[in-house]
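Secondary and tertiary structure notes
Each chain, written out:
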Amino acid sequence: MSTHASDPLAALGSLPGVTDSVDSVRKAVDRVYGHRVMRRRSHEITSEAALRGARGSAALSGADWALEEVRRRTDFSGDAEARTVGAALRLGSEAGQLLSIWRQSPLRVLARLHLVAAGDAGGSGADGLDADGGGPGGGGPGGVADSVGRPRQAGETVDEPLIEAPLPDPAEVAGRLDGLSELIIAGGTAPALVTAAVVHGELLALRPFTTYNGLIARAAERIVLIGSGLDPKSICPAEVGHAEQGRAAYVAAFEGYLSGTPEGMAAWIAHCGRAVELGVRESTAVCEALQRGAA
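Residues numbered from 1 in each chain as written. Predicted model: local features only at pLDDT ≥ 70, side-chain atom pairs only at ≥ 80, totals over all residues. Heavy atoms only, no water.

Further remarks concern the overall build of the chain. Helices and strands together make up the secondary structure of the chain, namely 14 helices and zero strands. In the chain, once contacts between residues fewer than 6 apart in sequence are set aside, the share between residues at least 24 apart is 67%. Accessible surface computed for the chain: about 13,000 Å², of which carbon and sulfur atoms make up 52%. (Helix = DSSP H or I, 4+ residues; strand = E, 2+ residues; numbered from the N terminus. Contact = heavy atoms within 4.5 Å. Areas by Shrake-Rupley, 256 points an atom, 1.4 Å probe, with all protein chains shown as cover.)

Following this line, the structure appears as C-alpha cells:
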C-alpha cells in the first residue's frame, strides 16, 4: 500500500486485465524489434511509422486522409483539414527530439508541442516559451498567436473535434497539469503502457490548449512510449491503432478514463495497449514489404 501511495500509477498496473495488456504489448513490441529488416533498415521503419502515426492521429481529429495523399502533399496550409494533417506530421517529427526535456520539464515540452502544432500561428522563440516561462507573447486572451504555447485562460474557447466532455476551468487545468508533471518527474514503477495511457487520457480530459489537444495528447503518449524504452526507435505508432479501432471506440474508452473507476481506467489502458499492438502490426507489415522489395 505504501508503494502505491507514493507511486499512484503503480496501482493502475495491478487493475484486472492491465497486467495482461502490458504483457501482450511487450511481446508484440519485442517481435517487431526482432524482425530481420530492423537490423539494417530501422531508420526507414521509424520514418514510415511517423508518417502513418501522423495520418492516424489526424484522422481522429477529423482529417481522415488516405496515406498516399499525406505522403505526396507538401502544402498543408489550405484548409482546416490540411492544417490538422500538417500539425500531426510536425508533431510526429518533433516528439523524438524532446525526450531528455520531458523527464525534467514535461510542461515545457507540452508548450513546445503546441507551438509546433500551431505552426505559423505561433510566433515565439525556438523553445516555444517566453522569458517568463509562459507562452508566446505572454499576456492574456487575444489573437491566435497569443494563445499558442501556453494553457488556455478564462474566456478562451477550445476547438477540439471528437471530444465533447465538459471542460475543466483554467484553475483546475493548472493544478492537474502540475500534478501530472510531478508524477512524470518523480518517475516510478508503473509500466510504460500505464504511464502513456494516463498522460494521453489526462491531456484529453484537460484539453489545456485552445487547439490541437488531441494531437498533442497522442504525441505525448508517443514520447512516453519512446522515452520509457518500450519503443526506443519509435516504430510502434499507437496513433495508427487508435484510428483503426475507430472514433466511437476511442471516445467510449476515453469515457472510461473520465469515470475514474477501476473498470473504466482498466478499459482505457487496454484500449491504448491494443492501439500499440495494432501499430506493431502496421510496422511489421512495412518490414515484410521491405523484405520482399515491395516498399
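Read on, since the account is not over.
A few words on the side chain of Ser-234. Locating Ser-234 in the fold gives a position in the loop between helix 11 (213-227) and helix 12 (238-245). In this structure the side chain of Ser-234 is engaged in a polar contact, spanning 2.6 Å, whose partner is the side chain of Arg-222. Not counting the four nearest positions on each side in its chain, Ser-234 is found in contact with Tyr-33, Thr-46, Ala-49, Arg-222 and Ile-226. (Polar contact = N/O pair within 3.5 Å; in protein donor to acceptor, adjacent residues only side chain to side chain.)

Compared with the 21 Å implied by 1.5 Å per residue over 15 residues, the 21 Å span of helix 11 between its first and last C-alpha is a close match. One or two residues past the end of helix 11 sits Gly-229, with phi positive at roughly 95°. (Expected span 1.5 Å × (residues − 1).)

Our next topic: the layout of surface pockets. Of the pockets and cavities examined, the largest pocket occupies roughly 520 Å³. What lines the largest pocket is a set of 22 residues, and nearest its centre among them are Ala-80, Arg-83, Thr-84, Ala-117 and Tyr-212. Residue assignment for the lining of the largest pocket shows that the elements contributing at least two residues are helix 6 (80-95) and helix 8 (106-118). Broken down by element, the lining of the largest pocket gets its largest block of residues, five residues, from helix 6. Of the residues in the lining of the largest pocket, the class split is nine nonpolar, six polar and seven charged. Taken as a whole, the second largest pocket spans an internal volume of roughly 310 Å³. Around the second largest pocket sit 18 residues that line it, and Arg-103, Ile-184, Gly-187, Thr-195 and Val-224 are the ones nearest its centre. Elements with a contribution of two residues or more to the lining of the second largest pocket: helix 7 (99-102), helix 9 (170-186), helix 10 (192-206) and helix 11. (1 Å grid on protein atoms, 1.4 Å probe; cavity = no way out; pocket = protein on both sides within 12 Å on 5 of 7 lines; lining within 4 Å. Points joined across faces, edges and corners; volume = space filled by probe spheres on them. Nonpolar A, V, L, I, M, F, W, Y, C, P; charged D, E, K, R; others polar.)

To continue, consider the pattern of salt bridges. Within this structure, the stated rule accounts for 16 salt bridges. A salt bridge links Glu-244 to Arg-281; its shortest N-O distance comes to 2.1 Å. On the criterion of sequence distance, the pair formed by Glu-244 in helix 12 and Arg-281 in helix 14 (residues 262-292) is long-range, its members being 37 residues apart. Relative accessible area serves as the criterion here: at 41%, Glu-244 is assigned to the partly exposed category. Connected via shared salt-bridge partners are Glu-48, Arg-52, Glu-68, Arg-71 and Glu-282. (Salt bridge = Lys/Arg side-chain N within 4 Å of Asp/Glu carboxyl O. Buried < 20%, exposed > 50% of the residue type's maximum accessible area, 1.4 Å probe, protein only.)

Relative to the assigned elements, Arg-222 resides in helix 11. In this structure the C-alpha to C-alpha distance between Arg-222 and Val-276, which are 54 residues apart in sequence, comes to 9.7 Å. Contacts of Arg-222, omitting those with residues within four sequence positions, involve Ala-49, Ala-50, Gly-53, Ala-95, Ser-234, Pro-237 and Glu-239.

Checked against the element boundaries, Arg-207 lands in the loop between helix 10 and helix 11. Residue class for Arg-207 comes out buried when judged on its relative accessible area of 2%. For the pair Arg-207 and Pro-168, spaced 39 residues apart in the sequence, the C-alpha separation amounts to 8.2 Å. Residues contacting Arg-207, with those up to four places away along its chain left out, are Arg-152, Val-158, Glu-160, Ile-163, Glu-164, Ala-165, Pro-166, Leu-167, Pro-168 and Asn-213.

Take the nonpolar core next. In terms of nonpolar packing, the biggest core is built from 83 residues, with Trp-102, Leu-110, Leu-113 and Trp-268 touching the most fellow members. When neighbours within four sequence positions are excluded, Leu-110 is seen to be in contact with Trp-102, Leu-177, Leu-203, Phe-209, Ile-216 and Ala-220. (Core = buried A, V, L, I, M, F, W, Y, C linked by side-chain atoms within 4.5 Å.)

A positive phi angle is found at Leu-162, which is not glycine, with a value near 85°. In this structure, Leu-162 sits in the loop between helix 8 and helix 9. The exposure class assigned to Leu-162 is partly exposed, which follows from its relative accessible area of 21%. Its identity as a non-glycine residue notwithstanding, Tyr-212 has a phi of 65°, on the positive side. Looking at the element boundaries, Tyr-212 is found in the loop between helix 10 and helix 11.

This paragraph deals with the packing of aromatic side chains. On inspection of all chains with the given rule, the structure shows five aromatic pairs. On the basis of an interplanar angle of 25° and a centroid distance of 6.4 Å, the ring pair of Trp-65 and Phe-76 is categorised as stacked. Here Trp-65 is found in the loop between helix 4 (38-60) and helix 5 (67-72), whereas its partner Phe-76 is found in the loop between helix 5 and helix 6, with eleven residues between them in sequence. Given the relative accessible area of 10%, Trp-65 is considered buried. Ring geometry for Phe-254 against Trp-268: centres 6.0 Å apart, planes inclined by 65°, an arrangement best described as edge-to-face. Of the two residues, Phe-254 is situated in helix 13 (residues 247-259) and Trp-268 in helix 14; the sequence distance between them amounts to 14 residues. Taken individually, Phe-254 and Trp-268 each receive the classification buried, so the pair is uniform in this respect. In textbook terms, an aromatic cluster arises when at least three aromatic residues are bridged by ring pairs, as seen for Tyr-250, Phe-254, Tyr-257 and Trp-268. (Phe/Tyr/Trp six-rings, centres within 6.5 Å; stacked < 30°, edge-to-face > 60°.)

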